[in-house]
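Remarks on the overall topology
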Amino acid sequence: MTTTSKLDYEVIVIGAGVCGIYQIKRLMDLGVNATVLEAAPDLGGTWYWNRYPGARFDSESYTYGYSFSEELLQEWHWKERFSSQPENLKYLNFVADKFGLRGHMQFNAKVVSAHFEEDAGNDDSSRWRLQLEDGRELTSRFVIMSVGLLSIPTLPRLEGMESFKGESFHTFYWPHNPVEMAGKKVAVIGTGATAIQVIGEIADKVGELTVFQRRPNWGAPLNNSAISDDEMAQIREGYDAIFATCARTPGGFEHEPDRRGFWEVSRAERVALWDQLYDEPGFAIWLRNFREIFTDEDANAELSEYIAERIRQRVEDPDTAEKLIPRDHGFGVQRVPMETHYYEAFNRDNVHLVDISETPLERVTETGLETTGGHYEFDMIVYATGFDALTGAYDRIDIRGVDGVRLREQWRDGPSTYLGMLVHGYPNLIMPSGPQSGSASTNYPRGIENGVNWCTSFLEYLWERGIGRAEASQSAQGDWTEHVKQMYSVMLMRKAKSWFTGYNSNVEGHEEGKIRYLVYNGGTPKYVSRITEVAAGGYTGIVLSSRSAPPPAGEHYPQGHAAD
Ligand code: NAP
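What comes next concerns the included structure. The structure displayed is predicted, hence computed values, not measured ones.

1. What to know about the sheet that holds strand β13 (residues 361-364)
The strand order β13-β14-β15 describes an open sheet built from three strands, whose pairing is antiparallel. This sheet does not close on itself; its edge strands, each paired only once, are β13 and β15 (374-377). Put simply, the sheet's adjacent strands are angled 20 degrees from each other on average, direction ignored. As paired strands, strand β14 (residues 368-371) and β15 are joined by four bridges and run antiparallel to one another. Considered in β15, the bridge of E370 is made with H375.

2. Considerations on the environment of F458
Tracing the sequence through the fold places F458 in helix α16 (residues 444-464). For the pair F458 and A321, spaced 137 residues apart in the sequence, the C-alpha separation amounts to 52 Å. Once residues within four sequence positions are removed from consideration, F458 is found in contact with L422, I430, A470, Y539, I542 and L544.

3. Regarding the packing of aromatic side chains
Applying the stated criterion to the full structure yields 44 aromatic pairs. Between Y22 and Y66, the aromatic rings sit 6.0 Å apart at their centres with planes inclined by 40 degrees, giving tilted as the arrangement. Linking Y22 in helix α1 (residues 18-29) with Y66 in the loop between α3 (61-64) and α4 (70-75), this pair joins segments that are 44 residues apart in sequence. Residue class for Y22 comes out buried when judged on its relative accessible area of 4%. Joined through ring pairs, the aromatic side chains of Y22, W47, F57, Y64, Y66, F68, W76, W78, Y91, F94 and F99 make up one cluster. Positioned over the ring face of Y48 is R51, at 4.8 Å from the centre of the ring. Over the ring of Y461 we find R465; its NZ or CZ atom is 3.7 Å from the centre of that ring.

4. Here's the deal with the state of the cysteines
The full count for this structure, using the stated rule, is zero disulfides. C246 takes part in no disulfide bond, and the closest cysteine sulfur, belonging to C19, lies 18 Å away. C455 takes part in no disulfide bond, and the closest cysteine sulfur, belonging to C19, lies 7.8 Å away. Overall, the relative accessible area of 0% leaves C455 in the buried class.

5. Points about unusual backbone geometry
In this structure, N223 is a non-glycine residue whose phi angle is positive, near 55 degrees. By the element assignment, N223 lies in the loop between β10 (220-221) and α7 (229-237). Although it is not a glycine, N428 sits at a positive phi angle of roughly 65 degrees. Mapped onto the elements, N428 comes out in the loop between α15 (407-410) and β18 (429-430). Looking at N428, the relative accessible area reads 1%, which means it is buried.

6. A short note on α1
Every α-helical turn comprises 3.6 residues, leaving residues that sit three or four positions apart pointing alike. Here α1 is twelve residues long and its end C-alpha atoms lie 17 Å apart, about the 16 Å a rise of 1.5 Å per residue gives. With eleven of twelve residues buried, α1 lies mostly within the body of the structure. Taken as a whole, α1 has its buried residues at V18, C19, G20, I21, Y22, Q23, I24, K25, R26, L27 and M28. Directly beyond the C-terminal end of α1, a positive phi value near 70 degrees is found at G31.

7. A closer look at helix α17 (residues 474-490)
Look at α17: 25 Å from first C-alpha to last across 17 residues, which is about the 24 Å you get at 1.5 Å a residue. Lining the buried residues of α17 we find β19 (467-472) and α18 (524-536).

8. Comments concerning the site of the ligand
Looking at the ligand, there are 25 residues lining it, with T194, R214, R215, W499 and Y503 nearest. R214 is positioned with one of its side-chain polar atoms (N or O) 2.8 Å from an oxygen atom of the ligand. Within the side chain of W499, one N or O atom sits 2.7 Å away from an oxygen atom of the ligand. Across the complex, the protein chains shield 86% of the 910 Å² of accessible surface that the ligand would expose by itself. In terms of residue count, helix α6 (residues 193-202) provides more of the shell around the ligand than any other element does, three residues in total. Counted by class, the shell around the ligand contains eleven nonpolar, nine polar and five charged residues.

What counts and how
- Residues numbered from 1 in each chain as written.
- Predicted model: local features only at pLDDT ≥ 70, side-chain atom pairs only at ≥ 80, totals over all residues.
- Heavy atoms only, no water.
- Pairing = 2+ DSSP bridges.
- Helix = DSSP H or I, 4+ residues; strand = E, 2+ residues; numbered from the N terminus.
- Axes fitted to C-alpha atoms, helices over the stretch in contact; angles between N-to-C directions.
- Contact = heavy atoms within 4.5 Å.
- Phe/Tyr/Trp six-rings, centres within 6.5 Å; stacked < 30°, edge-to-face > 60°.
- Buried < 20%, exposed > 50% of the residue type's maximum accessible area, 1.4 Å probe, protein only.
- Lys NZ or Arg CZ within 6 Å of the ring centre and 35° of its normal.
- Disulfide = S-S within 2.5 Å.
- Expected span 1.5 Å × (residues − 1).
- Near = heavy atom within 4 Å.
- Polar contact = N/O pair within 3.5 Å; in protein donor to acceptor, adjacent residues only side chain to side chain.
- Areas by Shrake-Rupley, 256 points an atom, 1.4 Å probe, with all protein chains shown as cover.
- Nonpolar A, V, L, I, M, F, W, Y, C, P; charged D, E, K, R; others polar.

Okay, structure coming up:
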């Protein structure tokens, strides 16, 4: 163990997506010696990778953008209510360039391991040592994980996948060069939020499209539209109110729940509300609805039947319509895929649905896909098969804490954290939007800004006091994890096989059965009030140890390059 050499950085941020971009901005403003390490060739995270046709926000664009800079808010023009991937990536680049952040980012810098090192009795010597895939080794006092929630795509474990002679890719790795689809026979495997976007977009652009569905999902119309100059001017004037609304809603969106009791209004009134919400943009039908739809089986069943009827009205073939209606979970118990002409796609002669719950996929062949019901020939196979959510990105880095204990092992049966931001046994490892934090189940950037602001204030607190080591206490972590579990127990989502409960049929140990408590379900206001209370109490639940030699007065912040 090296204990004498100086650190390369005070803070290393891993990941240059929505979170990493804002985190490095905050650190640069403080003049901290920090860098961002990003595995990809450029910034953008989710919006760098997911270039598949139809990829766009499910949050209203103007609620998704950063809120930290009035100048930025006034300069950027969102062109669509639900902006598309190319525009979103342009936006993140605009932000990075405007604030000069790119120079603090290193690309193609994939972190393969992060090991905590400390010398007993000398807290000043503790450090994180990171190994990069390119062979470099870097040290820092703090590591900030901004590795994304859905950044590890997962493929089916099917025989023969490498033998396919046509083009095939996971939607996350959609090629950067234009993909020629006209006239081609295309397979899409999966019917999650991603597939639902892809299918709606490509149905009329390909030769033949065959959708392989194992379990249907509940989609609802996105109802996207352009934003005119006049509307944008109004949005700019109203930003304060927009962000205030996001801050008080459970999901961090501009949609506020209907606070009337589900059973207190008549069935006719409920249907009238649903008729209206179904035609409104975005998550209105999900989040402007009655609150009981998330917790009360009967309320949820009634809404689910309403949505099922809508699907039957939109899909001409009754058998296909029935296949597209989920039976194993109710509407809204997982993040609702927002769709544009998804159901209508199945009315086209060139679009076919194969129910692989009846005839399972057996293998990939040189020319296509084989199910127990027969062989299908394709030019292209699109895997829209999801992600190793939330903990996947942590599992892919060999993270070792005190005494070399592997985080991957600690989290084998699911994560355990304090506030979703710290982990006992992993001092100075900070997660602005980690598992069990408030970001995962909300409008992501709203959660991110809360997380990054809290983490940055926490670091300032440590630097101002010469504290070199911060670690969540085991009991605080136990209490938080128990609290997160308790909240699952009242939500119907606990019964759904989705990434919110840690289900992924393609990842060993995540197939079925055991719930992983991955997200905090208490909503934004409660989460923010809890983390604010912790900060106000002097960071209760976190064991803070002073450096052996506190920094001299007036030199609290670790500025400049420590290795110089
Ligand atoms: P997903 O919801 O996990 O869906 C994956 C799909 O692939 C499911 O239909 C799954 O079927 C199927 N699948 C997986 N492995 C399979 C296999 N071996 N054989 C057959 N089918 C298989 O993943 P996703 O669609 O990428 O969405 C993930 C999350 O990303 C969403 O919940 C959402 O939060 C986010 N997202 C957001 C947007 C947006 O609008 N901003 C867009 C896309 C995604 P089973 O269910 O049967 O396993």
